[in-house]
Amino acid sequence: MSPVENVKVEICISHSVDLIARYSSVILFIQDITVKGLEIVKRCETVYLESYTSILVDGKDELEQFYGREVIVADRELVETGADQILNEAKTKDVAFLVVGDPFGATTHTDIVLRAKQLDIKVQVVHNASILNAVGACGLQLYSFGETVSIPFWTDTWKPDSFYDKIEENKKRGLHTLCLLDIKVKEPNLEAMMRGKVLYDPPRFMTVAQAAEQLLEIVASRENSALKSSDRCVGVARIGSPTQKIVWCTLEDMAALDVGAPLHSVVIPGNLHPLEEDFLKEFLCSC
Ligand SMILES: C[S@@+](CC[C@H](N)C(=O)[O-])C[C@H]1O[C@@H](n2cnc3c(N)ncnc32)[C@H](O)[C@@H]1O
């Protein structure tokens, strides 16, 4: 095999959505890598682990112990500005790029695959479970979901709400909406930046309560909103882990709900099939 044929970026999803999360120290369920993915990790010369579209960070030591090799944690800076470095390396070596969930479960990774293809670097993708399908654990049927939305953290001066139009569209068509919640990891601290220093804010993961609060504000600001504060929504946390939590309650109650450590997502149900309703009753909470 010529060196050119030998080079590739292997994108394998390692840990699915299974993770154990604690407040300050979050580790993945390292056994969730697929057999195929593990073989690739063992064979590749360099292994990167993407760490900003989902949780990881502190599990590096356990991960390296399990894989029996070094893992380079790739934060946003490395993936967005240093992608050339990863791709250049892949011109001459086998490189693995691990993603939590499915590699195509976040738009960011489509870009690296496209760029690798443009550079004639062979890419092999290994799929794994994603929040996009694991959310089925709440009992809502996956084929009855409409477009997925992302809810961003608001600031005092920046409150984008265009995602809400998609929730309304889905709801009008009787479809459920999976709302992925914002993650802020390695965000530069603006005050420090103004003093010419590079400091990062602590990581933040949006909770179901924060998402519900923002949704309530939008609902209150719209006339004839399809979603009402009294509508029951589903809050999910740490899906796939032993501490997974699912709660079905009104949007109003959700704003005061504590479902524990990240990661969290919210589902806005559309029309419910009787079987879906039966399943959801298990998670009913009049909190
Ligand atoms: C940008 S998405 C990345 C999805 C990932 N690539 C995948 O395929 O699962 C990250 C968001 O998905 C949701 N999420 C991911 N894993 C989750 C889990 N285990 N339980 C609940 N929500 C989860 C959270 O809202 C989180 O902020």
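All values derive from a computational prediction rather than experimental measurement.

Visitor: In this structure, what is going on with the overall build of the protein? I would like to understand it.
Guide: Helix and strand counts for the protein stand at 12 helices and 14 strands. Across the 287 residues of the protein, 36% fall into the buried class. Intrachain contacts of the protein at a sequence separation of at least 6 include 74% that bridge at least 24 residues.

Visitor: Help me understand the sheet that holds strand β12 (residues 232–237) in this model?
Guide: Through backbone hydrogen bonds, the strands of a sheet pair up, either in parallel or in antiparallel fashion. Strand order in the open sheet formed by 5 strands is β8-β9-β14-β12-β13, and the pairing between neighbours is mixed. The two strands at the open ends of the sheet, each matched to only one other strand, are β8 (149–151) and β13 (245–250). Along the sheet, successive strands turn relative to each other by an average axial angle of 25°, direction set aside. On top of the sheet, helix α8 (residues 163–172) reaches β8, β9 (177–181) and β14 (264–268); it is set at about 140° to β8, its chief contact. In this fold helix α10 (residues 208–221) packs onto β8, β9, β12 and β14, with an angle of close to 40° to the strand it touches most, β14.

Visitor: Looking at this structure, how should I read the nonpolar core?
Guide: Within soluble globular proteins, side chains that are nonpolar generally end up buried alongside one another. Val135, Cys179, Ala211, Val234, Val236, Val266 and Val267 are the most contacted members of the largest nonpolar core, which has 33 residues in total. Of all the elements in the fold, those that place two or more residues in this core are α7 (131–134), α8, β9, α10, β12, β13, α11 (251–254) and β14. Apart from residues lying up to four places away in sequence, Val236 is in contact with Val135, Cys138, Ile246, His264, Ser265 and Val267. Among the nonpolar cores identified, the runner-up in size contains 23 residues, and Cys44, Val47, Ala90 and Val100 belong to it.

Visitor: Sorry if this is basic, but what is going on with the environment of Gly139 here?
Guide: Among the secondary structure elements, Gly139 is positioned in the loop between α7 and β8. In this structure, the C-alpha to C-alpha distance between Gly139 and Phe279, residues 140 residues apart in sequence, is 5.3 Å. The residues contacting Gly139, other than those within four sequence positions of it, are Glu276, Phe279 and Leu280.

Visitor: What is the right way to look at the pairing of β9 in this model?
Guide: If a strand is regular, its side chains alternate between the two faces of the sheet. Across the 5 residues of β9, 5 count as buried, placing the element largely inside the fold. As paired strands, β8 and β9 are joined by 3 bridges and run parallel to one another. Across the sheet, residue Ser150 finds its bridge partner in β9, namely Leu180. Across 4 bridges, the pairing between β9 and β14 is antiparallel. Across the sheet, the residue bridging to Leu178 is Val267, located in β14.

Visitor: Mind showing me how you'd approach the environment of Asp61 here?
Guide: Its place among the elements puts Asp61 in helix α3 (residues 60–67). Residues Asp61 and Val71, 10 residues apart in the sequence, show an inter-C-alpha distance of 8.7 Å.

Visitor: Help me out: how do you make sense of the confidence of the model for the protein in this one?
Guide: The pLDDT averaged across the protein works out to 84; a share of 87% of its residues lies at or above 70. pLDDT under 50 marks residues 1–28. Its contacts with residues more than four places away, or in other chains, come to 102 contacts.

Visitor: Even after reading the chapter, I still don't get the environment of Val266, so can you show me in this structure?
Guide: Among the secondary structure elements, Val266 is positioned in strand β14. Take Val266: there are 26 C-beta atoms within 10 Å of it, and that puts it in the buried class. Counting along the chain gives 20 residues from Val266 to Ile246, while the straight-line C-alpha distance between them is 9.6 Å. Residue contacts for Val266: discarding those within four places in its chain leaves Cys179, Leu181, Val208, Ala211, Ala212, Cys233, Val234 and Gly235.

Rules and cut-offs
- All residue numbers refer to position in the chain's written sequence, counted from 1.
- In keeping with the predicted nature of the model, local features appear solely for residues at pLDDT of at least 70, side-chain atom pairs appear and are counted solely at 80 or more, and the whole-chain, interface and lining totals rest on all residues.
- Under the scheme used here, helices are H or I runs from DSSP no shorter than 4 residues and strands are E runs no shorter than 2 residues, and both carry numbers assigned from the N terminus.
- Exposed residues have 12 or fewer other C-beta atoms within 10 Å of their own C-beta, buried residues have 20 or more, and partly exposed residues fall in between, where C-beta atoms are placed from the backbone.
- Contact between two residues is assigned whenever their backbone-derived C-beta positions fall within 7 Å.
- Only strands that DSSP links by at least two bridges are regarded as paired with each other.
- The axes are straight lines fitted to the C-alpha atoms, using for helices just the contacting stretch, and the angles between their N-to-C directions are given from 0 to 180°.
- As used throughout, a nonpolar core is a set of buried Ala, Val, Leu, Ile, Met, Phe, Trp, Tyr and Cys residues joined through C-beta atoms within 7 Å of each other.
- Per-residue confidence from the prediction method is given by pLDDT, with values spanning 0 to 100.

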